[in-house]
Amino acid sequence: MQILTTEDARYIDQEVPKQLGVSLEILMENAGRGIVDALWGQYDLFSLDNARSINSFVLFICGTGNNGADGLVAARHLLEQGVPVQIALVGDTSKCSDLFAVQLKRCEAMGCIIDMFDDFNDWSNVAIVVEGIMGTGLAGRLRDTTIDILHVIDTMRSQYNFDLWAIDVPAGVDATAGQISEGTLSYDYTVTFGAIKQGLLLYPGKAIGGTVIVAPLGAPWQQVLVNRDSTITIDSDLAETLINYRVPMAHKGVNGNTLIIGGSSDMVGAPMLAAEAAVHSGAGKVTLCVPEIIKRAVQGRIIPEVMVTSINENHSIYEGRQVVAIGPGLGRTIDIPDLVNHVIDCYEGALVIDADALYALGHVGSVDKDALRDGKVESIYKMERQLPYCVMTPHLGEFSRLIDLPIKWIERHYITLARAFAKAHQVVLVLKGIPSVVALPDGTVYVNTIGNTGMGTGGMGDVLTGVIAGFISQGYSLQDSAILGVYVHSRSADILSDTKTWGYTPSDVSTSIGCVISELLGE
């Protein structure tokens, strides 16, 4: 499913009328009807007393822009259906948008009860509040007057226990970055239009929006976005299109030969997790290459399906491999950068670079903070080192080192920076966070929509590296392997969380990968 930023939403509003001949007023009418359909989907609106008063009603709190106008349309439709409705206006109606003025006149003509917010005092009879103060229009922080209004809503909700809905995006949530302003409330539901807004998938915005319902716009808006970078959800629908059945004649040679390079005297387990995950993901043959000092220990603990060799004794170790993954547990001694650079220079096949191998690369680029702050996307990132076409799997700390930027900046511009990095270096970037994203060289970014808090334990990233390498060895492209890897890794953890909220291990996730693959194949 496609994801929209604030800029995308504005572009749709601008270009759909121009290119498709569907007016903004028609889009607004469809949006308002979508709100109504979403409300009916959750409640019997003819029975709004909710054990309080038979006079209970839906209260629309509307700003004077087009977001508020969406609410007015919905109020009008509910009123026509015989559902009790009232409207409380926020802002100066003499400075409203043209479409808001049109919709307000229509509501007035229908006899809808309309007050200014400051004059509204019938909170005890409110069953549902639908907030349409600003939608995607937030720039910076909320005004003090808006914070005061939200505080009143929150106080009344605590007293009268009504549900709170948002139109498109809750007031105070940045629809692109997911950052929230002081005074932002938590909502029960958000009705968004066309596609989910990016800020509702990124924390802390994701925690604010409640259950998100996507309402159709009634026009093929995707057609006007064909020349813009796309952001797409990673979900079961996407994964099912990527997974392939194996041919009946498949054997270990067909299913690929994977090499994992990693390990050190202090980190024996990390490369083992990666290698075992490659096996559980279906790789035909898996070899783990570790320092001689830990070779015997690894051989005594790893599953027998993994062959173990030594970094020191193999000069032709890369021959016949479909993929080489380097980094899990490799350590940060002074010789590691030379090893990583040797692999990058000598191996011409598919690479997965993870963990300490990423650290060994040091800074590979830099970010112009001023351009990032001003939204000048095309000039925010400067590449300082070329990289081979590969999959890179950093967590936020490792990504911070790669681009020489504090984590707090990355968190505010998460997807923008992932996209800029992948495009500049022409790599597939798996940025591991909450949520994880996969950024492709063409500018497309995929956002993971599954996973759970039980995954927050050491070794999960090593398993993901092995899963991705296992898919590459079987002939999947780097980008499909990254997307599938992220999905099956998270889905396996979600299955485990059904019986154990946390406390399951990365090894548990690894051994359950095959169940997820069977699920995707419908078996």
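Here the structure is a predicted model, which means the values were calculated and not measured. (Residues numbered from 1 in each chain as written. Predicted model: local features only at pLDDT ≥ 70, side-chain atom pairs only at ≥ 80, totals over all residues. Heavy atoms only, no water.)

If you look at the biggest cluster of nonpolar residues, it comprises 58 residues, and the most contacted ones within it are Leu-288, Val-298 and Val-438. At 9 residues, helix H17 (residues 478-497) tops the list of elements feeding residues into this core. If sequence neighbours within four positions are ignored, Val-298 has contacts with Val-268, Met-272, Leu-288, Val-290 and Val-308. Counting 55 residues, the second largest nonpolar core, distinct from the first, contains Ile-336, Leu-387, Tyr-414 and Val-437. (Core = buried A, V, L, I, M, F, W, Y, C linked by side-chain atoms within 4.5 Å. Buried < 20%, exposed > 50% of the residue type's maximum accessible area, 1.4 Å probe, protein only. Helix = DSSP H or I, 4+ residues; strand = E, 2+ residues; numbered from the N terminus. Contact = heavy atoms within 4.5 Å.)

Within the element layout of this structure, Asp-494 appears in helix H17. No salt bridge forms around the buried Asp-494; measuring N to O, its nearest opposite-charge neighbour Arg-491 is 5.0 Å away. Apart from the residues lying within four places of it in its own chain, the contact partners of Asp-494 are Ile-450, Gly-451 and Asn-452. (Lys, Arg positive; Asp, Glu negative; His and termini not counted. Salt bridge = Lys/Arg side-chain N within 4 Å of Asp/Glu carboxyl O.)

Moving on: unusual backbone geometry. Along the chain, Tyr-203 connects to Pro-204 via a cis peptide bond; the corresponding omega equals 5°. Along the chain, Pro-204 turns up in the loop between strand E8 (196-197) and helix H6 (205-208). Along the chain, Ile-434 connects to Pro-435 via a cis peptide bond; the corresponding omega equals 0°. Its location among the elements puts Pro-435 in the loop between strand E19 (428-431) and strand E20 (437-439). Even without being glycine, Asn-161 reaches a positive phi, approximately 60°. By relative accessible area, which is 64% here, Asn-161 ends up exposed. Phi at Gln-426 takes a positive value of approximately 55°, unusual for a residue other than glycine. Structurally, Gln-426 can be placed in the loop between helix H15 (414-425) and E19.

On to the packing of aromatic side chains, then. Scanning the model with the defined rule gives 11 aromatic pairs in all. Between the aromatic rings of Trp-123 and Phe-162, the centroid separation amounts to 5.9 Å while the plane-to-plane angle is 20°, which identifies the pairing as stacked. Of the two residues, Trp-123 sits in the loop between strand E4 (113-116) and strand E5 (126-132) while Phe-162 sits in the loop between helix H5 (144-160) and strand E6 (163-167), which places them 39 residues apart along the sequence. For Trp-123, a relative accessible area of 6% puts it in the buried group. An angle of 85° between the planes, with centres 5.5 Å apart, marks the rings of Phe-471 and Tyr-476 as edge-to-face. The lysine or arginine in question, Arg-228, covers the ring of Tyr-11, its NZ or CZ lying 4.5 Å from the ring centre. Between the NZ or CZ atom of Arg-332 and the centre of the ring of Tyr-359, over which it lies, the distance is 3.9 Å. (Phe/Tyr/Trp six-rings, centres within 6.5 Å; stacked < 30°, edge-to-face > 60°. Lys NZ or Arg CZ within 6 Å of the ring centre and 35° of its normal.)

Bringing the UniProt feature "binding site: K(+)" (unreviewed entry) in the protein chain into the picture now. Mapped onto this numbering, the UniProt entry gives "binding site: K(+)" (unreviewed entry) at Asn-67. Along the polypeptide, Asn-67 turns up in helix H3 (residues 66-80). Residue classification places Asn-67 among the buried residues on the basis of a relative accessible area of 8%. Among residues more than four places away in sequence, those in contact with Asn-67 are Gly-132, Ile-133, Met-134, Gly-135, Ile-167 and Asp-168. (UniProt positions renumbered as here; feature names shortened; annotations may be inferred.)

A few words on the sheet that holds E5. Pairing is parallel in the open sheet, where 7 strands are placed in the order E4-E3-E2-E5-E6-E7-E9. In this open sheet, the two strands that pair with only one neighbour each are E4 and strand E9 (211-215). The average undirected angle you get between the axes of adjacent strands in this sheet is 20°. Where strand E7 (residues 189-193) lies against E9, 5 bridges are found, and the strand directions are parallel. When the bridges of E9 are listed, Thr-190 appears paired with Val-212. Strands in contact with helix H2 (residues 24-42) are strand E2 (57-62), E5, E6, E7 and E9; relative to E7, the strand with the most contacts, it is inclined by about 145°. In this fold H3 packs onto E2, strand E3 (85-89), E5, E6 and E7, with an angle of close to 160° to the strand it touches most, E2. (Pairing = 2+ DSSP bridges. Axes fitted to C-alpha atoms, helices over the stretch in contact; angles between N-to-C directions.)

Turning our attention to the pattern of salt bridges. Across all of its chains, the model carries 15 salt bridges by this definition. Asp-168 is the salt-bridge partner of Lys-197, the closest N and O atoms lying 3.0 Å from each other. Taken together, the residues span a long stretch of sequence, with Lys-197 in strand E8 and Asp-168 in the loop between E6 and E7 at a distance of 29 residues. Accessibility assignment for this pair places Lys-197 and Asp-168 in one class, buried. Ionic pairing is found between Lys-423 and Asp-229, a salt bridge with its closest N-O pair at 3.3 Å. Remark: Asp-229 occurs in the loop between E9 and strand E10 (231-234) and Lys-423 occurs in helix H15; sequence separation between them is 194 residues. Classification of Lys-423 as partly exposed rests on a relative accessible area of 30%. Among the charged side chains, a network of salt bridges with common partners joins Arg-141, Asp-144 and Glu-182.

Turning next to the pairing of E6. Two faces belong to every sheet, and in a regular strand the side chains alternate between them. With respect to burial, E6 is a largely interior element, 4 of its 5 residues being buried. Bridge analysis of E5 against E6 gives 4 bridges, and the strand direction is parallel. Counterpart to Val-129 in the pairing with E6 is Leu-164. With respect to chirality, the unit in which E5 leads through H5 into the neighbouring parallel E6 is right-handed. (Right-handed = clockwise from strand over helix to strand, strands pointing away.)

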